[in-house]
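Listed below are the residues making up each chain.
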Amino acid sequence: MFSASLKLPSCFLVALSLLVFPGSGAHAEVSDEQLAPLEKWLAFQRGVRTVKAAFVQSRKLRTLRNPLRSDGTVWIDRRGKRFRWQAGDEDAPKSVAVKTGTTLTLLQPSRKRAKQIDLSQSDAATNPGAAFDFATGEMPDTLTELKQAFSIENIESESGAWRVTLRPLESGLRESLDEVVFLIDGERHHLRGFELTFRDRSVVETIFTRQEFNVALDDALFQPDLSDYTVQEP
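Just so it is clear, the model here is predicted, and its values are computed rather than measured.

Here is what the cut-offs are and how they apply
Residues numbered from 1 in each chain as written. Predicted model: local features only at pLDDT ≥ 70, side-chain atom pairs only at ≥ 80, totals over all residues. Heavy atoms only, no water. Buried < 20%, exposed > 50% of the residue type's maximum accessible area, 1.4 Å probe, protein only. Helix = DSSP H or I, 4+ residues; strand = E, 2+ residues; numbered from the N terminus. Pairing = 2+ DSSP bridges. Polar contact = N/O pair within 3.5 Å; in protein donor to acceptor, adjacent residues only side chain to side chain. Contact = heavy atoms within 4.5 Å.

Peer 1: Would you mind going over the pairing of strand 3 (residues 82–88) in detail, with residue names and values included?
Peer 2: Here strand 3 lies mainly inside the structure; 7 of its 7 residues are buried. With 6 bridges connecting them, strand 2 (residues 68–77) and strand 3 associate as antiparallel partners. Each bridged residue has a counterpart across the sheet, and for G72 the counterpart in strand 3 is A87. The hairpin turn running from strand 2 into strand 3, its antiparallel successor, is 4 residues long, and K81 in that turn takes a positive phi close to 55°. Examined bridge by bridge, strand 3 and strand 4 (residues 93–100) share 6 bridges and lie antiparallel to one another. Bridging across to strand 4, W85 finds its partner in A97. Between strand 3 and strand 4, which pair antiparallel in sequence order, lie 4 residues.

Below, the structure written as structure tokens:
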């Protein structure tokens, strides 16, 4: 998908890998009463225009004793369908992904390298934008839409939050991604984080440590200056 000249950290590679990952197993229906926290989260999402959030992401592999860890910041403009997801310090990021319209721009600031992808020319199996959409909140707005994309396996209370376990229904995703877990705040009903379990049993957990909703976002966040970058195009 990417040239070897532009290597991204695990934060982004994990997100991109979501496009070729899956779930299997029988669909265990939950009761209407159990669905209440999920519906409250979806209702909360519909009222969100913008988000700024700090996150911590860890990846657990069977071959590694200690998880791989990264942190960063994400800015989301849901109405404008724009986002900026970056690893590292807010003022000195290691890697950046920006989506505006149908263009996804991946940047390595330290190397002054960038790659631009026209998402309108990518099919569902290789479209990296879809993975970032998932990671930045571009999820279905209604329970009906959610059920078209995922089977809802379980909803349980855990440490002041609701742990919602889903399995993807799309065949391509099911080949690699086994399970998706959302952690929904039990009081405000926003997303605290999410967890991905892949078929190779590796686990990626993203926890939002600080979130601000419906704040003003600078348009410059979504307009990266590439004047001194070497830009790789498809």
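Peer 1: Tell me about the side chain of H189, and name the residues and values.
Peer 2: The residue H189 is located in the loop between strand 9 (177–185) and strand 10 (191–198) in this model. Given the relative accessible area of 19%, H189 is considered buried. Among the polar contacts listed, one links the side chain of H189 to the backbone oxygen of E187, at a separation of 3.4 Å. Aside from chain neighbours lying at most four places away, what touches H189 is K40, W41, F44 and I184.

Peer 1: Which residues make up the pairing of strand 1 (residues 50–60), and what values do they have?
Peer 2: Note that strand 1 and strand 2 share 10 bridges and pair antiparallel. If you follow T50 over to strand 2, its bridge partner there is D77. Note: strand 1 against strand 11 (residues 203–213), 10 bridges, orientation antiparallel. Bridge pairing in strand 11 places K60 opposite V203.

Keep in mind that these numbers describe shape and distance, not what the molecule does.
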